[in-house]
Amino acid sequence: MPLLPALPDHVPRQRCGVIEFPVHHMRGGTSTGLVLHASCVPAEQTLREELLRHLMGVPQSGRLPGNRQITGLGRGAPTSNKVFLVEVEQHAGQPRLVSTLAQLAGEHADIDWSVNCGNMSSALQLWGLDSGVIEALAIGAHDIDIRNTNTGVITTSRMARELDGSFTATGIPGVPGSFPRVDLFLQQPAGAKTGKLLPTGKAQDKVHGYDVSCVDVAVPMVIALASQFGKTAQEAIRKLEADTAFMQAIRQAWSAAGLLMGLRRRDGGLMTLEELERSETIPKFCIVAAATGEGNIAVRYFTPQAGHASLAVSGGCCLAAACLIPGTVAHALVRGVPPVGQADAEIELGIANPAGILATTIVARQAGATGNIVIDSAAYRRSTQILLRGHVPLYQPSAALKAWLLKQF
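Quick caveat: nothing in here was measured; it's all calculated off a predicted structure. Each chain carries its own residue numbering, running from 1 in the direction its sequence is written. Confidence filtering applies because this is a predicted model: local features only for residues at pLDDT of at least 70, side-chain atom pairs given and counted only at 80 or more, and all residues used for totals across whole chains, interfaces and linings. Side-chain descriptors were evaluated using all non-hydrogen atoms of the structure, hydrogens and water having been removed beforehand.

A. Region of the structure containing the pairing of strand S2 (residues 18–28). Relative accessibility thresholds used throughout: buried, under 20% of the residue-type maximum; exposed, over 50%; partly exposed, between the two (1.4 Å probe, protein chains only). Secondary structure elements follow DSSP: runs of H or I of four or more residues count as helices, runs of E of two or more count as strands, with numbering from the N terminus. By the criterion of burial, S2 is predominantly enclosed, with 11 of the 11 residues buried. Residues Val18, Glu20, Pro22, His24, Met26 and Gly28 line one face of S2 and the alternating positions Ile19, Phe21, Val23, His25 and Arg27 line the opposite face, and both faces are buried. Two elements, strand S1 (residues 13–15) and S2, share 3 bridges in a ladder whose sense is antiparallel. Bridging across to S2, Gln14 finds its partner in Ile19. Pairing between strands is defined by DSSP: at least two bridges between the two strands are required. Counted between consecutive antiparallel strands, the loop separating S1 from S2 contains 2 residues, among which Cys16 sits at a positive phi close to 55°. Relative to strand S18 (residues 372–394), S2 runs antiparallel, the two being bridged by 10 bridges. Across the sheet, the residue bridging to Pro22 is His391, located in S18. With 5 bridges connecting them, S2 and strand S3 (residues 31–37) associate as antiparallel partners. Across the sheet, residue Met26 finds its bridge partner in S3, namely Gly33. What sits between S2 and S3 in their antiparallel hairpin is a turn of 2 residues, with Gly29 showing a positive phi close to 60°.

Encoded structure:
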């Protein structure tokens, strides 16, 4: 007998002359956003993006500086403007979730479809169980794979139930209290966006006079020495964001590094300098320093336009991997981490960030006589919760979107 019943009312409906759309509003790690069943969303890109803008309360076109998103469920920071479209496929005789992330921003209409979100990915197994698209868990641990279409990365999500039927819970930095625990394992995460562990071919580059390392594990990221910007990686994020000279300097650094990395748009075209300068998602950027207390290294992380209140797990996995690669700026600073050997080994790293310590595990080995590092997997622990499940009224759909939705009844 299922421990979680399927919800029959997970399709669009009409009430009092207004079309209402089914959503799960969820938290995954330190991010919040919506999880939608992909089959309920228009396949046509224009209609799909219009729907997401309505749901999140962002402008349908152009820019709207200072938008408070009071007409939707998005909230300010990029970490609270995420939407996952999810469905189920069969792979090797087993169900597998298929996820597609849309990253929105409160002040403009552009939607980025180019990256995944490690934090919000931790909400997907619970969504599948709650919506009834995957079988309810029995007592003990249960794994399900998640294929992300934005990056091609396969993640294994693990949740567990206690004897009383409740989910095993955990606490994580940046989230008060304990909630359902999710362990996420990124399989073969190197080169997720660029196809290369080191997209520039080097462990360290110099851009605009700054020493940086460009690494692609789960997400492409530019890692820079905090000291070269006159920082310590101990500052409050708001203080860093308020330093306009610093923000301009790191924008120049990540944009120039993004060009060196050969980052591409979703259509396959190379991103221009202008596109990189205004990108909300890639490359990620961080400044690092030696840890002064707990943890093996200290970081302040940017998404890239805004500072992160803690540390995105995808970025954390990328930084942890970079700490193991000789020649990177992170490798020179990390403390208390053993060198990578010839055989696969699980190496645990704690990354000090504003919310505490992000615990990561990297499975890595040396590739024969070359000494190159191979990253086989990266794991991290998150928690998740359902904030709300229900239907959102769409008061102002276009005629085309309304016509499509009416056909779904």
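B. Summary view of the packing of aromatic side chains. Within 6.5 Å between ring centres, the rings of Phe, Tyr and Trp (the latter by its six-membered ring) count as paired, and their orientation is classed by plane angle as stacked under 30 degrees, edge-to-face over 60, tilted in between. Per the counting criterion, the structure on display carries 6 aromatic pairs. When the ring of Phe229 is compared with that of Phe246, the centres are 5.8 Å apart and the planes differ by 90°; the resulting orientation is edge-to-face. Of this pair, Phe229 sits in the loop between strand S13 (219–225) and helix H4 (237–242) while Phe246 is found in helix H5 (residues 244–261), placing the two residues 17 residues apart along the sequence. Accessibility expressed as a relative area gives 4% for Phe246, which makes it buried.

C. Spotlight on the environment of Pro199. Residue position: Pro199 is located in the loop between strand S10 (175–187) and strand S11 (205–207). For the pair formed by Pro199 and Lys82, sequence separation is 117 residues and the distance between their alpha carbons is 26 Å. In this view, Pro199 contacts Thr194, Cys214, Val215, Asp216, Leu260 and Met261; residues no more than four positions away in its chain are not counted. Note on definitions: a residue-residue contact is assigned when non-hydrogen atoms from the two residues lie within 4.5 Å.

D. Up close: helix H7 (residues 313–323). Burial analysis of H7 places 11 of its 11 residues in the buried class, which makes it a mostly covered element. Regarding H7, the residues found buried are Val313, Ser314, Gly315, Gly316, Cys317, Cys318, Leu319, Ala320, Ala321, Ala322 and Cys323.

E. Fine view of unusual backbone geometry. Residue Pro283 follows Ile282 across a cis peptide bond; omega there is -10°. The residue Pro283 is located in the loop between helix H6 (273–278) and strand S14 (284–289) in this model. For the bond from Thr303 to Pro304, the omega torsion is 5°, close enough to zero to count as cis. Among the secondary structure elements, Pro304 is positioned in the loop between strand S15 (297–302) and H7. In this structure, Cys16 is a non-glycine residue whose phi angle is positive, near 55°. Within the fold, Cys16 resides in the loop between S1 and S2. One non-glycine residue, His208, adopts positive backbone phi at about 50°.

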